[in-house]
Amino acid sequence: DGSGVTGVWYQVDGGEWVLLEDGNVDLDLGEGEHTIVVKAVDAVGNHGNFSVTFSVDVTVPTVISAGPQGEDVAIEAPLTIVFSEPMDHGTVVVTVNGVAATLTWDGSNAICARDWAYDTAYAVIVNGQDLHGNALGQYSWSFHTEVQLVTVSGFVLDENGEPVANATITVGGVVVATSDADGAYSFMAPPGNYLVTVSADGFQDQTRGLEVGGVLAELNMDLERVNDGWNRWPYVVMGIVGCIVFF
């Protein structure tokens, strides 16, 4: 054909030279890095070589571990995904309840640091490709965050401002606290509406409604003494402290 080339040979990964007879060849290569060298020879023995090195990867990436998972997950727990191999960051999409998460990377690990809402269910879906374009089979999981607990505290006092010790504070029929020698008490409760009953020997029980929410609240209660000759008229001061709500 005027080219002067009398033969073309190829070599795979340093193996034997093989004559390329029809210009095409099918190679069965395993995964990993390979080098192919092509050599052309003319009629007087001059030759030229061309080589190319490339990698073969047909293994589908997987998720080795992911979290958080389960119930009562701390609201500050980071979202972490460990992949089986390096991923093409531009193709990895992680959605949490349908909203794309912002990821940072540490090798093959994807991390999303954020504060979750209290007492909320989350569904996570992961899609993406590795560096060679192999697609991850869609991976998903779910978790549920912890219930917010608010500290409710106060004092039980009589009409003279003196502390009433050993008064019981009951919520929903369960004793949640007992006042100490200073009349102080505290207990934990998630946000909601409650009926709180305060009882003390020599005094009439008193029940009032209490709303525990995302802001500070205070409940003042006056307890009437039992008409037994004792000259004490106690009252109760209740409040919510240390409440933080994340949205």
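About the cut-offs
Residues numbered from 1 in each chain as written. Predicted model: local features only at pLDDT ≥ 70, side-chain atom pairs only at ≥ 80, totals over all residues. Heavy atoms only, no water. Helix = DSSP H or I, 4+ residues; strand = E, 2+ residues; numbered from the N terminus. Buried < 20%, exposed > 50% of the residue type's maximum accessible area, 1.4 Å probe, protein only. Contact = heavy atoms within 4.5 Å. Areas by Shrake-Rupley, 256 points an atom, 1.4 Å probe, with all protein chains shown as cover. Pairing = 2+ DSSP bridges. Core = buried A, V, L, I, M, F, W, Y, C linked by side-chain atoms within 4.5 Å. Patch = residues over 30% accessible without salt bridge, like charges linked within 9 Å, V, L, I, M, F, W, Y side chains within 5 Å. Salt bridge = Lys/Arg side-chain N within 4 Å of Asp/Glu carboxyl O. Lys, Arg positive; Asp, Glu negative; His and termini not counted. Phe/Tyr/Trp six-rings, centres within 6.5 Å; stacked < 30°, edge-to-face > 60°. Lys NZ or Arg CZ within 6 Å of the ring centre and 35° of its normal.

### Quick word on the overall build of the protein
No. 1: Counting secondary structure elements, the protein contains zero helices and 21 strands.
No. 2: Counting every position in the protein, which comprises 247 residues, the buried fraction comes to 32%.
No. 3: For the protein, the share of sequence-separated contacts (at least 6 apart) that also reach a separation of at least 24 residues comes to 53%.
No. 4: With the model as given, the accessible surface of the protein reaches about 14200 Å², and the carbon-plus-sulfur share is 51%.

### A few points about unusual backbone geometry
No. 1: With an omega dihedral of 5 degrees, the bond running from glycine 67 to proline 68 counts as a cis peptide bond.
No. 2: Relative to the assigned elements, proline 68 resides in the loop between β5 (63–67) and β6 (70–73).
No. 3: In the Ramachandran plot, aspartate 119 falls in the positive-phi region, its phi being about 45 degrees despite a non-glycine side chain.
No. 4: With respect to the secondary-structure elements, aspartate 119 resides in the loop between β11 (109–112) and β12 (121–127).

### Some points on the sheet that holds strand β8 (residues 93–96)
No. 1: Ordered by their spatial adjacency, five strands build an open sheet running β6-β13-β12-β8-β9, and the pairing between neighbours is mixed. Of all the strands in the sheet, the pair left with one neighbour each is β6 and β9 (99–100).
No. 2: The sheet contact formed by β12 and strand β13 (residues 139–145) spans six bridges and is antiparallel. Bridge pairing links isoleucine 125 to serine 140 in β13.

### Side note on the nonpolar core
No. 1: Ranked by size, the top nonpolar core spans 21 residues in total, and within it Leu79, Ile81, Phe83, Val124, Val126, Trp141 and Phe143 carry the most contacts.
No. 2: In this structure, isoleucine 81 is in contact with Val63, Ser65, Ala66, Val94, Ser108, Asn109, Ala110, Val126 and Trp141, ignoring residues within four places of it in sequence.
No. 3: Counting residues in hydrophobic clusters, the runner-up holds 17 residues, among them Val152, Ile169, Ala177 and Ala189.

### Description of a nonpolar patch on the surface
No. 1: Taken together, the side chains of Val38, Phe50 and Val52 make up a nonpolar region of the molecular surface, amounting to roughly 260 Å² of accessible area.
No. 2: Tracing the sequence through the fold places phenylalanine 50 in strand β4 (residues 47–56).

### Quick word on the sheet that holds strand β1 (residues 5–12)
No. 1: With antiparallel pairing, the four strands of this open sheet are ordered in space as β2-β1-β3-β4. The open sheet has two edge strands with one neighbour each: β2 (18–19) and β4.
No. 2: Relative to β4, strand β3 (residues 32–42) runs antiparallel, the two sharing 10 bridges. In the sheet register, glutamate 33 faces β4, and the bridge partner there is serine 55.

### Quick notes on the pairing of strand β19 (residues 206–212)
No. 1: Bridge count between strand β18 (residues 192–199) and β19: seven bridges; the pairing is antiparallel. The partner of tyrosine 194 across the bridge, within β19, is leucine 210.
No. 2: Two successive antiparallel strands, β18 and β19, enclose a turn made up of six residues, where glycine 202 displays a positive phi of approximately 90 degrees.

### So, the side chain of glutamate 85
No. 1: Its place among the elements puts glutamate 85 in the loop between β7 (79–83) and β8.
No. 2: Buried and unpaired, glutamate 85 has arginine 114 as its nearest opposite-charge partner, separated by 27 Å.
No. 3: Ignoring anything within four residues of it in the chain, the contact list for glutamate 85 reads Asp57, Thr59, Val60, Pro61, Ser108 and Asp130.

### Quick word on the packing of aromatic side chains
No. 1: Following the criterion strictly, the structure yields six aromatic pairs and no others.
No. 2: Judged by centre distance (6.5 Å) and plane angle (15 degrees), the rings of tyrosine 185 and phenylalanine 187 are stacked.
No. 3: Linked through ring pairs, Trp116, Tyr122 and Phe143 together constitute an aromatic cluster.
No. 4: Its guanidinium or amino end placed over the ring of tryptophan 17, lysine 39 lies 4.3 Å from that ring's centre, counting from NZ or CZ.

### Remarks on the environment of methionine 188
No. 1: Assignment of secondary structure puts methionine 188 in strand β17 (residues 184–189).
No. 2: Look at methionine 188 and you get partly exposed, because its relative accessible area is 47%.
No. 3: Considered as a pair, methionine 188 and valine 176 are 12 residues apart in the sequence and their alpha carbons are 8.3 Å apart.
No. 4: For methionine 188, the residues in contact, after removing those within four places along its chain, are Leu149, Val150 and Thr151.

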